[in-house]
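Inside the fold
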Amino acid sequence: MEVERVRPSPNEDTKPYWDGLKEGRLLFQKCGHCGAIRHYPRQVCDKCFSMDVEWIESSGKGTVHTWTVSQHAFHPSFKGDLPMTFVTVDMDEGVRVAARLRGKDVEPAIGMPVRVAFEQLDNDLTVPVFYPQ
Amino acid sequence: MPNSLFEKCAISGIGETAYVRGSGKSETALQMEASLKAIADAGLSPKDIDGVIPYATGSAVAEDFITNFGIADLRLSATTPLGGASCLAAVQLAVGAIVAGIANHVLIPIGRNGYSGARIGSRVQQLPQFRTVGEYEMPLGQIAPAQLYAHMARRHMEMFGTKSEHFGKIAVTFRDHATKNGNALMTEPMTLEQHQTARMISDPLRLFDCCLESDGGAAVIVSSSERARDLKSQPVYIMGVAEGHPDSPSAITQRPDITTLGTAKAAPRAFGMAGVDRKDIDVAEIYDCFTYIVLCQLEDMGFCKKGEGGDFVASTSFGLDGPMPVNTHGGLLSQAHIIGMNHIVELVKQLRGQGGKMQVKDAKIGLVTGYGDMGDGGVAIMRS
Ligand SMILES: [Zn+2]
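Read on for a plain summary of the structure. Quick caveat, the model's predicted, so the values are computed rather than measured.

Once that is clear, we can look at the coordination of the zinc ion. All names here are of chain A. For the zinc ion, every protein donor is listed as Cys31 (SG), Cys34 (SG), Cys45 (SG) and Cys48 (SG), and the spread of their distances is 2.3 Å. Around the zinc ion sit four donor atoms, and with donor-metal-donor angles ranging over 99 to 114° the site reads as tetrahedral. Counting along the primary sequence, the residues that act as donors to the zinc ion give the motif C-x2-C-x10-C-x2-C. On the criterion of sequence distance, the pair formed by Cys31 in strand 1 (residues 27–31) and Cys48 in the loop between strand 2 (37–38) and strand 3 (53–57) is long-range, its members being 17 residues apart.

Written as structure tokens, this is what we have:
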């Protein structure tokens, strides 16, 4: 029996982000009033309190802020993926993105330049991943 | 009026069930059992409870206590959803409510089947305060606190030279304390080598860097100091108490400084209210969901500077005969995971001189912390 995947629950606030990933685009929110870029998606700009928002496409480039390699899955759907390397990435746009680090024989390190890519897990879910730049 | 709550209230009663793997009891029953013990310890009747602050995501609500205890006129029902900092946030709220005249005796109960019920890893996704992580990080495979907190620990190690051996020393010390405690899950001593060779959960966190899953209940009662003095047990006075929330509280990923917790905001308020300094603390019960979180809280509370936690841990004994014994009961790492209520209960025992084989000599002033929900912190300072 196939184990049910852990899924997001996109709503009015978060659906553009997930739809963007399906199109191979990493999208961040940009304040429609003061232009501040924010992530994760939310309702209000904490700089000017505007609720006006536009979505911009990320350059996809950043550097590793920190990382971990998980040897334990915590959910049955990830058991086949172990070990899993996760990176927290400082994106060039000034926000962070968490994702798996891919690439053959890649050792994670703080400061490592990475670029985003996209993995379609099924028809409904595409997630970001990073490769060394 | 920064000191308006100073020693206005006390812990008037404490209660604990057996801490086990497999309680055979409902979580509500565990809370009732612990609560009745705390009420008896205070010398109160269950009907005297007029405020209750149950665990926000637990399985009992205030109505359960009204019904079970026949409370005629409950005047305060609230929850404090701060994960492992909930218990101390509840103490702060109870003190405020009592000083304001809303209630006289506020019960704070915890009861959970963390081992035999839903496991923490699978449960966490359903909590509303984890909505952000649940939406953006769990679908990637970052499911559990061990994975999310590993990012903080790794960054700390690479920025400041903190070592796994520092984490190990914390785990070994708490285990030693647990072996002396008659109500702890881990009863065998552990060596640093055992810590270092245990399997990796999420680098750099190894098995013994992670807390236990356990079943049990614990409860405390907060009363005005004036009323507590007339009750059965020795009051333990709340000198200072505060909660603190980190920047980007829902997602560690977006936190500007991921090596700083909400504890850094709570600690100055709690110490300021108490009017004491770090060197005045005789015994400390520090929330220890992970070894790293203990080290980080020591920094955030000012026992050492940010980044110096590794050296501080290496050069300081937290053992029972050290200058500031830490987690005299064994903590979440080696006694049981009772959301840190076991830490509050243990501090009260220590300050009453009821610490048994773990009693710290001349323990007069003590500190207890809570931590949870990706970074919320709670700090309280108490005295006998
Ligand atoms: Zn703005």
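Moving on from the coordinates now.
With that settled, consider the pairing of strand 8 (residues 125–132) of chain A. Residue and element names in this part refer to chain A. With six of eight residues buried, strand 8 is to be regarded as a mostly interior element. Pairing between strand 6 (residues 96–101) and strand 8: two bridges, direction parallel. Paired with Arg100 across the two strands is Val129, which belongs to strand 8. One ladder, built from eight bridges, connects strand 7 (residues 113–122) with strand 8; its direction is antiparallel. Bridge pairing in strand 8 places Arg115 opposite Tyr131. Hairpin connection of strand 7 to strand 8: two residues between the antiparallel strands.

Residue and element names in this part refer to chain B. Inspection of every chain in the model, using the stated rule, returns two cavities of 30 Å³ or more. Here the second largest cavity is characterised by a volume of approximately 30 Å³. Contributing elements (two or more residues each) for the lining of the second largest cavity: helix 3 (86–99) and strand 4 (105–113). Counted by class, the lining of the second largest cavity contains eight nonpolar, two polar and no charged residues.

The subject of this paragraph is the interface of chain A and chain B. Contacts between chain A and chain B engage 36 residues on the former and 32 residues on the latter. For the pair chain A and chain B, the summed buried surface comes to about 2900 Å²; carbon and sulfur atoms form 58% of the total. Among the residues of chain A in contact with chain B, Tyr40, Phe74 and Arg96 of chain A are the three that bury the most area, contributing 24% of the side total. At the boundary of chain A and chain B, one finds zero salt bridges. At the junction of chain A with chain B, the criterion picks out 20 residue pairs in polar contact (both at pLDDT 80 or more). Put simply, the parts of the chain that give the side of chain A that touches chain B at least two residues each are helix 1 (15–22), strand 4 (61–70), strand 5 (84–91), strand 6 and strand 8 of chain A. When its residues are assigned to classes, the side of chain A that touches chain B shows 22 nonpolar, 11 polar and three charged.

Further remarks concern the sheet that holds strand 2 of chain A. Residues and elements named next belong to chain A. Ordered in space as 2-1-3, the three strands form an open sheet in which the pairing is antiparallel. Each end of this open sheet is capped by a strand with a single partner; those strands are strand 2 and strand 3. Of the pairings in the sheet, the one linking strand 1 to strand 2 comprises two bridges and is antiparallel in character. Bridge assignment links Gln29 to a residue of strand 2, and that residue is Arg38.

Calculation criteria
- Residues numbered from 1 in each chain as written.
- Chains lettered and ligands numbered in written order.
- Predicted model: local features only at pLDDT ≥ 70, side-chain atom pairs only at ≥ 80, totals over all residues.
- Heavy atoms only, no water.
- Donors = N, O, S within 2.8 Å, 3.2 Å for Na, K, Ca; no water.
- Tetrahedral: all angles 85-135°; square planar, octahedral: opposite > 155°, others 65-115°.
- Helix = DSSP H or I, 4+ residues; strand = E, 2+ residues; numbered from the N terminus.
- Buried < 20%, exposed > 50% of the residue type's maximum accessible area, 1.4 Å probe, protein only.
- Pairing = 2+ DSSP bridges.
- 1 Å grid on protein atoms, 1.4 Å probe; cavity = no way out; pocket = protein on both sides within 12 Å on 5 of 7 lines; lining within 4 Å.
- Points joined across faces, edges and corners; volume = space filled by probe spheres on them.
- Nonpolar A, V, L, I, M, F, W, Y, C, P; charged D, E, K, R; others polar.
- Contact = heavy atoms within 4.5 Å.
- Buried area = accessible area lost by both parts, 1.4 Å probe.
- Salt bridge = Lys/Arg side-chain N within 4 Å of Asp/Glu carboxyl O.
- Polar contact = N/O pair within 3.5 Å; in protein donor to acceptor, adjacent residues only side chain to side chain.

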